[in-house]
Amino acid sequence: MRRVWIRGTVINMTILVARIKILPADSETDMESLANVLKSNVPEGMELKAHAKEPIAFGLNALVGDFLLDDAEGEMEKLEESIKKVEGAGEIQVINISRQSVKMK
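Here the structure is a predicted model, which is why all the values come from computation and not from measurement.

A. Structural view of the pattern of salt bridges. This model, assessed by the stated rule, comprises three salt bridges. Here Asp66 ties to Arg19 by a salt bridge, and the two come within 2.7 Å at their closest N and O atoms. With a gap of 47 residues between them, Asp66 in strand S5 (residues 60-70) and Arg19 in strand S3 (residues 15-24) connect regions that are remote in the sequence. We note that Asp66, like Arg19, is buried.

Dropping the structure here:
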């Protein structure tokens, strides 16, 4: 939980985990290098905590990433836009969003 100071008052911000499936832009996309680029290109205050490859079909893989972000207005949109701008990332699909303390399957 992150603490934010607003006019002398401490407010605890809830951390969310967004599980997002990222499809490759083409069949030549290296998913490990895509994950490394995503780690360095997420907006400030957000983090790619974990990732895994998920088979799609015929040798193609998608990248499923768990991103940490604050539960604040506009944060999810910023994350989605930053992912879409990364070279090699195609379509994205938000699979699940939950609080960090909840285990996702």
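B. Just the confidence of the model for the chain, in detail. Chain-level statistics for the chain give a pLDDT mean of 86 and a share of 84% at 70 or above. Here strand S1 (residues 2-6) stands out as the least confident element of the chain, with mean pLDDT 54; helix H2 (residues 75-84) is the most confident, with 95.

C. The nonpolar core, seen in detail. Formed by 20 residues in total, the largest nonpolar core has its most connected members in Ile20, Ile22, Leu34, Leu38, Phe67, Leu79 and Ile83. If you list the elements that add at least two residues to this core, you get S3, helix H1 (31-41), S5, H2 and strand S6 (89-99). In this structure Ile22 touches Met31, Leu34, Leu38, Ala62, Leu63, Phe67, Ile83, Ala89, Glu91 and Ile92, once residues within four positions along its chain are discounted.

D. Spotlight on the environment of Lys78. Its location among the elements puts Lys78 in helix H2. Separated by 32 residues in sequence, Lys78 and Met46 place their C-alpha atoms 9.8 Å apart. Discounting residues that sit within four places of it in the chain, Lys78 has contacts with Pro43 and Met46. Polar side-chain contacts of Lys78 include one of 3.1 Å to the side chain of Glu75.

E. Fine view of the side chain of Thr14. Among the secondary structure elements, Thr14 is positioned in the loop between strand S2 (9-13) and S3. Owing to a relative accessible area of 18%, Thr14 belongs among the buried residues under this scheme. The contact partners of Thr14, leaving out residues within four places of it in the chain, are Leu69, Asp70, Asp71 and Arg99.

F. The arrangement of the pairing of S3 in detail. Counting buried positions over the ten residues of S3 gives nine, a clear majority of the element. Examined bridge by bridge, S3 and S5 share eight bridges and lie antiparallel to one another. Within S5, the residue paired with Val17 across the bridge is Leu68.

G. Up close: the side chain of Arg19. Assessed through its relative accessible area of 17%, Arg19 is described here as buried. Here Asp66 takes part through its side chain, which lies 2.7 Å from a polar atom of the side chain of Arg19.

H. Up close: the sheet that holds S5. Strands sit in the order S4-S5-S3-S6 across an open sheet of four strands; the sheet is antiparallel. Looking at the sheet topology across the chains shown, the edges are occupied by strand S4 (47-57) and S6. Averaged over all pairs of adjacent strands, the angle between their axes in this sheet comes to 25°, without regard to strand direction. In the sheet, S3 pairs with S6 via eight bridges, with the strands oriented antiparallel. Each bridged residue has a counterpart across the sheet, and for Lys21 the counterpart in S6 is Gln93. Each of S3, S5 and S6 is contacted by H2, which is oriented at about 150° to S6, the strand it contacts most.

Rules and cut-offs
- Residues numbered from 1 in each chain as written.
- Predicted model: local features only at pLDDT ≥ 70, side-chain atom pairs only at ≥ 80, totals over all residues.
- Heavy atoms only, no water.
- Salt bridge = Lys/Arg side-chain N within 4 Å of Asp/Glu carboxyl O.
- Helix = DSSP H or I, 4+ residues; strand = E, 2+ residues; numbered from the N terminus.
- Buried < 20%, exposed > 50% of the residue type's maximum accessible area, 1.4 Å probe, protein only.
- pLDDT = per-residue confidence, 0-100.
- Core = buried A, V, L, I, M, F, W, Y, C linked by side-chain atoms within 4.5 Å.
- Contact = heavy atoms within 4.5 Å.
- Polar contact = N/O pair within 3.5 Å; in protein donor to acceptor, adjacent residues only side chain to side chain.
- Pairing = 2+ DSSP bridges.
- Axes fitted to C-alpha atoms, helices over the stretch in contact; angles between N-to-C directions.

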